[in-house]
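Coordinates in review
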Amino acid sequence: MLEQLDHIERQALSSLQNAQDDDALQRWKVAYLGRSSPLMKAFDQLGSLPKEQRPAIGRRANQVKQALEAAFAERSEALRQAALQHSLQAERLDVSLPGRPLVRGRLHPITQTLRQIYRIFGDMGFQVYRSREVESDEFNFGLLNMPPHHPARDMWDTFHTTTPGVLLRTHTSPGQIHVMREYCPEPIRVILPGMCYRYEQVSARKETQFNQVEGLAVGKEITMGDLKGVLTDFARRMFGQQVRTRFRASHFPFTEPSAEMDIECFLCGGQGCGVCSYSGWLEILGSGMVHPVVLRNGGYDPAQYSGYAFGMGPERIAMLRYQIEDIRYLWANDMRFLEQF
Ligand code: DAH
């Protein structure tokens, strides 16, 4: 029996040296230390041995078991170390290499400009109201005091749809009627941002698709002074506190009186240059007191209510602020252009 144990030990230890990986190790463990291994069988047989032989054989069987367990642990560790060395060699990593910079996305310059406009008017208590891009002729023109065949319609080259009387809005002003009809008789202070469409010859200054931000305030005691105050404050916050502004009489069918606001040309400081057509001023928006007909079309009695409105082009504002000379860059999606903002 003692010899048999010696034999088991020798055979197990030599076979362990052949185990080269985890699977082989596990198979070895089952074969030499598992429940039906010769060693465990020897333990089982202890009870049937003559009493005087039991202590010596039992002691020896325990020694062999401990020796095999120790050898197994040692071999496992050796294989683990070898695998680690191997992967360290194979996957050499130079932690001192400089990292590769991540390409970060950014907001489109028009989105940035729009968000700044929202922030400025938001601070002044204006809510953002959105209305549809596909409009009826009635909302885009008629209710804004331009009945069919009104010559002012020629100011907007229009994309018509195949459905008579349905068109792509040429400006955000029809939103004024939607807001008024929804809010009447409450006071109103909203801006209406959104896409507009015009059947234009595309050029450095004109696109067929562009944003506008409309503004509308309606209440019982609203004056032209409110309009001038709000828009002057807007210009200062948009273009800098030092900016000079002026209001110039103009004409829109939906406002009376009407005015355009100019800012002093920041390229030449008002001296006159190519950008401001040698006038020293840059036009940035149209505005005026809401025409009584328009107020009435929105449901407000012009004898009791008054209001002001304005409309500006964020593309134009962004072009002025960032000195972009061609509007087509804004839609070309050229990363070399967009990454500058
Ligand atoms: N809707 C005008 C346009 O597209 C801009 C405009 C002018 C809007 C005067 C207004 C306004 O609300 O009062 O040219």
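Residues numbered from 1 in each chain as written. Predicted model: local features only at pLDDT ≥ 70, side-chain atom pairs only at ≥ 80, totals over all residues. Heavy atoms only, no water.

Near the ligand there are 16 residues, and of these His 171, Ser 173, Arg 198, Gln 212 and Glu 214 occur at the shortest range. A distance of 2.9 Å separates an oxygen atom of the ligand from a polar side-chain atom of Gln 212. One of the backbone N or O atoms of Ala 309 is found 3.2 Å from an oxygen atom in the ligand. The protein chains hide 92% of the 360 Å² of surface that the ligand would expose on its own. Classifying every residue of the shell around the ligand by side-chain character gives five nonpolar, nine polar and two charged. (Near = heavy atom within 4 Å. Polar contact = N/O pair within 3.5 Å; in protein donor to acceptor, adjacent residues only side chain to side chain. Areas by Shrake-Rupley, 256 points an atom, 1.4 Å probe, with all protein chains shown as cover. Nonpolar A, V, L, I, M, F, W, Y, C, P; charged D, E, K, R; others polar.)

Let's shift gears to the nonpolar core. Formed by 42 residues in total, the largest nonpolar core has its most connected members in Ile 117, Phe 121, Phe 234, Phe 239, Tyr 308, Phe 310 and Met 312. Breaking this core down by element, the ones donating at least two residues are α5 (109-123), β5 (209-219), α8 (224-239), β7 (255-264), β8 (281-290), β9 (306-312), α10 (314-322) and α12 (335-338). At seven residues, the largest contribution of residues to this core is made by α8. In this structure, Ala 152, Val 218, Leu 295 and Tyr 305 belong to the second largest nonpolar core, which totals 25 residues. (Core = buried A, V, L, I, M, F, W, Y, C linked by side-chain atoms within 4.5 Å. Buried < 20%, exposed > 50% of the residue type's maximum accessible area, 1.4 Å probe, protein only. Helix = DSSP H or I, 4+ residues; strand = E, 2+ residues; numbered from the N terminus.)

The next thing to look at is the sheet that holds β9. Spatially, seven strands are ordered β1-β4-β5-β9-β8-β7-β6 in an open sheet, and the strand pairing comes out mixed. Lying at the two open borders of the sheet, with one neighbouring strand each, are β1 (127-128) and β6 (245-252). As paired elements, β6 and β7 share seven bridges and run antiparallel to each other. Considered in β7, the bridge of Phe 247 is made with Met 261. Contacts between helix α7 (residues 174-183) and the sheet are confined to β1, β4 (188-197), β5, β8 and β9, with β4 contributing the most and set at about 145° to the helix. Running at roughly 110° to β5, α10 makes contact with β5, β8 and β9 of the sheet. (Pairing = 2+ DSSP bridges. Contact = heavy atoms within 4.5 Å. Axes fitted to C-alpha atoms, helices over the stretch in contact; angles between N-to-C directions.)

Attention now goes to the domain arrangement of the protein. Assigned domains of the protein: these are domain 1 (2-87) and domain 2 (109-338). Here the C-alpha centre of domain 2 lies 89 Å away from the C-alpha centre of domain 1. (Domains from an automatic or database assignment.)

Following both chains from N to C, one finds helix α1 (residues 2-16) and helix α2 (residues 22-33) inclined at 175°, their axes separated by 11 Å at the closest point. Between α1 and α2, the angle falls in the class roughly antiparallel. Contacts between α1 and α2 involve Gln 11, Ala 12, Ser 15 and Leu 16 from the former and Leu 25, Trp 28 and Tyr 32 from the latter. By residue class, the composition of the contact of α1 with α2 is five nonpolar, two polar and no charged. (Parallel < 35°, antiparallel > 145°, perpendicular 65-115°, else oblique.)

Quick look at unusual backbone geometry now. At the junction of Cys 184 and Pro 185, the peptide bond is cis and its omega measures out at 5° in the coordinates. Structurally, Pro 185 is set in the loop between α7 and β4. One non-glycine residue, Asn 145, adopts positive backbone phi at about 75°. Looking at where Asn 145 falls in the secondary structure, it is placed in the loop between α6 (137-140) and β3 (166-168). Non-glycine residue Asn 333 carries a positive phi angle of around 55°. Structurally, the position occupied by Asn 333 is in the loop between α11 (329-332) and α12. Classification of Asn 333 by relative accessible area gives exposed; the value is 54%.

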